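Coordinate analysis (summary)
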Amino acid sequence: GHPVGFLRPNLRQLNNYAANELPGRRNGEFIRVAGMLRMRQRPETANGTCFILLEDETGAFNLIAWASVFAEYRTAICSSKLLMVEGHLQIQGSVIHVIVQRCWDLSWLLARLTPVPDDDTPVLATAAPIAGSGTRTRQARDREIKQASLFPDARSFR
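Just so you know, these numbers come straight off a predicted model, no measurement behind them. (Residues numbered from 1 in each chain as written. Predicted model: local features only at pLDDT ≥ 70, side-chain atom pairs only at ≥ 80, totals over all residues. Heavy atoms only, no water.)

As a further point, take the side chain of S80. As for its position among the elements, S80 is in the loop between α3 (74–79) and β4 (82–92). A distance of 2.7 Å separates a polar atom in the side chain of S80 from the backbone oxygen of A76. (Helix = DSSP H or I, 4+ residues; strand = E, 2+ residues; numbered from the N terminus. Polar contact = N/O pair within 3.5 Å; in protein donor to acceptor, adjacent residues only side chain to side chain.)

Okay, structure coming up:
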């Protein structure tokens, strides 16, 4: 399964929509989406605008971050593996974009995905609730570090 699929219950609590739900929404609606960061582009001809492709378990969707938003959220956009954004939905025919207003780096959630014990298949599940607070054992920390290494680091650019 897709890593975001295992986090979907947690993302639902944060009022996130999946990619396959976007066509049913209204143009201009303020929404929140999250996904694995697949691509970022800042063409010189775009005057600082950043075009981003996110992917979740249901598909991919496009984001547009204007230069001022990119400057404000540069760290999250350039270094995250799992990105959550709020913004306005822009629908023109069959093309759907989210115009980014705010961003959050949720990459730390990926470290909570661990293999299900006593099972030979590589299925992932959340190791602990997001809202849960408590002490972690050294073994849990080591497992999170090992799991995080399965996901490649995001590439930074100027």
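So much for the structure itself; the text now carries on.
Once that is clear, we can look at helix α1 (residues 3–13). Turning to α1, its buried residues are P3, V4, L7, R8, N10 and L11. Among the residues trailing α1, N15 stands out with phi positive, at a value near 65°. (Buried < 20%, exposed > 50% of the residue type's maximum accessible area, 1.4 Å probe, protein only.)

Further remarks concern the pattern of salt bridges. Tallied over the full model, the rule gives seven salt bridges. Close ionic contact of R8 with E57 constitutes a salt bridge, the shortest N to O distance being 2.8 Å. With R8 in helix α1 and E57 in the loop between β2 (50–56) and β3 (59–65), this residue pair connects regions lying 49 residues apart in the sequence. Here the salt bridges do not stand alone but share partners, grouping R8, D56 and E57 into one network. (Salt bridge = Lys/Arg side-chain N within 4 Å of Asp/Glu carboxyl O.)

Here we have five strands rolled up into a closed barrel, ordered β1-β2-β3-β5-β4, and mixed in their pairing. Sheet twist, expressed as the average angle between the axes of neighbouring strands with direction ignored, equals 55°. Two elements, strand β1 (residues 30–41) and β2, share five bridges in a ladder whose sense is antiparallel. Opposite M36, over in β2, you have E55 as the bridge partner. (Pairing = 2+ DSSP bridges. Axes fitted to C-alpha atoms, helices over the stretch in contact; angles between N-to-C directions.)

On to the side chain of T49. Relative to the elements of secondary structure, T49 occurs in the loop between β1 and β2. Polar contacts involving the side chain of T49 include one to the main-chain carbonyl oxygen of A46, which spans 3.1 Å. Each residue touching T49, except ones within four places of it in the same chain, is listed here: Q41, R42, P43, I64, A65, W66 and A67. (Contact = heavy atoms within 4.5 Å.)

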